Amino acid sequence: MKRLREYADKHGVSRPVFDIVPVVRRDHEGASSSIEEINLELKQEYKYVPEINEADPLTVLIAKSRNEAFSIGIKKFTVSNESTVSNALRNVNEIFLNFLRRNLPNKQPTHTIIYKWYRRDFLNRLTYPDALSENLDNAVLALYSYVYRNVDDSGKILDSKKEHSKNIIALLEALMEKIKNESKKR
Amino acid sequence: MSVFVDKKFESLDWISQATEPIDSELNIVLGKMPEQVDIDFNTYVSIVGDSWDIGLDIRRAVSFFLKKIDVKISDYVKRKELENCFEFQVDGNPVVDFEVSQIYGGTLSLIKVQSTMDEKVLKNLLGRQGIEEVDMIWQNMIWQNMNIARTNEIMEILGGCESHLATRSARKKKYGLRLRLQKLFAANEWNIKDTELADKVGTWIARYIKTGDLSAYTNFCKLKVMTHKGNPIYSMEEVE
């Protein structure tokens, strides 16, 4: 997933400057209080906020998938780009599954072959060590962007885009077949 | 007789002899801990160590300073009571900046709010650790191998265990012994005024029942004899 890694590499991290926030505990009667614990809260002005371009769903995807962690050993925040890409792929999978669950015409959409494949096999194929071709990766991301623009938060196709539903299902099926064939060759 | 002399009690001043305060190593440890420590950046980082949790609590701070004065308190309850004597003080709006390795904008301190342990707290600690040791001897022993005869000897000396003496069940004897010791220390029937000595009662009992150690039995009996005078007991010359 070279493209996702390129997006992830563009981001920075927060600066490690924290406010000391005391946790005040009161006794049972409320007559006295004491501080037995101290928490550190990142100062808002030092928090890194990723730039999002609403026109490019991949920037939203990467921003949502980043998890920065503070390491006291090196006194810095770090973000693992590999973790960001893994999280992003999980989010891609999630959006495909939500779409299929809400838009397949079948009575039991979760029992269909296509749904089961996306639930069980999709992520394995994409995160395999000898990853699929770059073209296929780009096809996955392009389809993700297309689905993202045409569904609501629950995965249901927007009312104004109902005619696209069959197209998206057909594309998901085609992608599934392509990935299966590509994997068989390796 | 000199073998039953309480040297520690005799060395106390007349006020202490009159008021009979409970003595404990916790008071000595508390005395060694500083009254106030300003926590600078390096101290903060040292206390937190490699932990993923970069916040601070009294337990970690006190643990750090105990290590500094080379003191180890293995008992969790005693450590907790020691921690209750401390709290944090925050002045201003301090900020921890890991980029420049400083705390600025205010101060963070650890302060001692009690210079001596509360008498009520020490009273509750009397014999507690020893009773836990008595409980532990059955964890590693199969019930059938438990020495009933030695347990009965201890219960006879303790007194007040008639109903559990009669039973042949090892499990019931264990519960009876624990109950008796809990009652004994709750009312402090033996008037023991030193928490370490009180804990040794359980240690001696456990060692004698488990291994038949005669020195442990002798110490236990000696202490029982000393209770007959009715005086507070601070120390006892132990047999090794």
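Residues numbered from 1 in each chain as written. Chains lettered and ligands numbered in written order. Predicted model: local features only at pLDDT ≥ 70, side-chain atom pairs only at ≥ 80, totals over all residues. Heavy atoms only, no water.

**Re the pattern of salt bridges**
Residue and element names in this part refer to chain A.
Then comes step 1: This model, assessed by the stated rule, comprises 16 salt bridges over all chains.
Then comes step 2: For R5, the salt bridge identified is with E82, shortest N-O distance 3.3 Å. With R5 in helix α1 (residues 2–9) and E82 in helix α3 (residues 81–103), the pair connects residues that are 77 residues apart, well separated along the chain.
Then comes step 3: For R5, a relative accessible area of 32% gives the class partly exposed.
Then comes step 4: Residue class for E82 comes out partly exposed when judged on its relative accessible area of 47%. (Salt bridge = Lys/Arg side-chain N within 4 Å of Asp/Glu carboxyl O. Helix = DSSP H or I, 4+ residues; strand = E, 2+ residues; numbered from the N terminus. Buried < 20%, exposed > 50% of the residue type's maximum accessible area, 1.4 Å probe, protein only.)

**A word on the confidence of the model for chain A**
Low pLDDT means the predicted coordinates in that region are not meant to be read closely.
Then comes step 1: When the pLDDT values of chain A are averaged, the result is 86; 96% of them are 70 or greater.
Then comes step 2: Predicted confidence in chain A is weakest over helix α5 (residues 122–126) of chain A, with a mean pLDDT of 78, and strongest over helix α4 (residues 113–120) of chain A, with 92. (pLDDT = per-residue confidence, 0-100.)

**Points about the side chain of T43(B)**
Residue and element names in this part refer to chain B.
Then comes step 1: Among the secondary structure elements, T43 is positioned in helix α4 (residues 41–48).
Then comes step 2: Look at T43 and you get buried, because its relative accessible area is 17%.
Then comes step 3: Excluding anything up to four places from it in sequence, T43 contacts F64 and F65. (Contact = heavy atoms within 4.5 Å.)

**What to know about the packing of aromatic side chains**
Then comes step 1: Considering all chains together, one arrives at 15 aromatic pairs over all chains under this definition.
Then comes step 2: Seen in terms of ring centroids, W117(A) and Y118(A) are 5.0 Å apart; in terms of plane orientation they differ by 90°. Their pairing is edge-to-face. Of the two residues, W117(A) and Y118(A), both sit in the buried class.
Then comes step 3: Centroid distance W190(B) to F220(B): 5.9 Å. Interplanar angle 40°. Geometry classified as tilted. Here W190(B) is found in the loop between α11 (170–186) and α12 (195–211), whereas its partner F220(B) is found in helix α13 (residues 214–226), with 30 residues between them in sequence. Across this residue pair, the class does not change: W190(B) and F220(B) are buried. (Phe/Tyr/Trp six-rings, centres within 6.5 Å; stacked < 30°, edge-to-face > 60°.)

**Things to note about the packing of helix α9 (residues 148–158) of chain B against α13(B)**
All names here are of chain B.
Then comes step 1: Contact geometry of α9 with α13 gives a least axis separation of 11 Å together with a crossing angle of 15°. Regarding the angle of α9 to α13, the classification is roughly parallel. In the packing of α9 onto α13, the handedness of the crossing is left-handed. Listed contacts from α13 to E153, I154, I157 and L158 of α9 are Y217, F220, C221 and K224.
Then comes step 2: When its residues are assigned to classes, the contact of α9 with α13 shows six nonpolar, no polar and two charged. (Axes fitted to C-alpha atoms, helices over the stretch in contact; angles between N-to-C directions. Parallel < 35°, antiparallel > 145°, perpendicular 65-115°, else oblique. Left-handed = near helix turned anticlockwise from the far one by under 90°. Nonpolar A, V, L, I, M, F, W, Y, C, P; charged D, E, K, R; others polar.)

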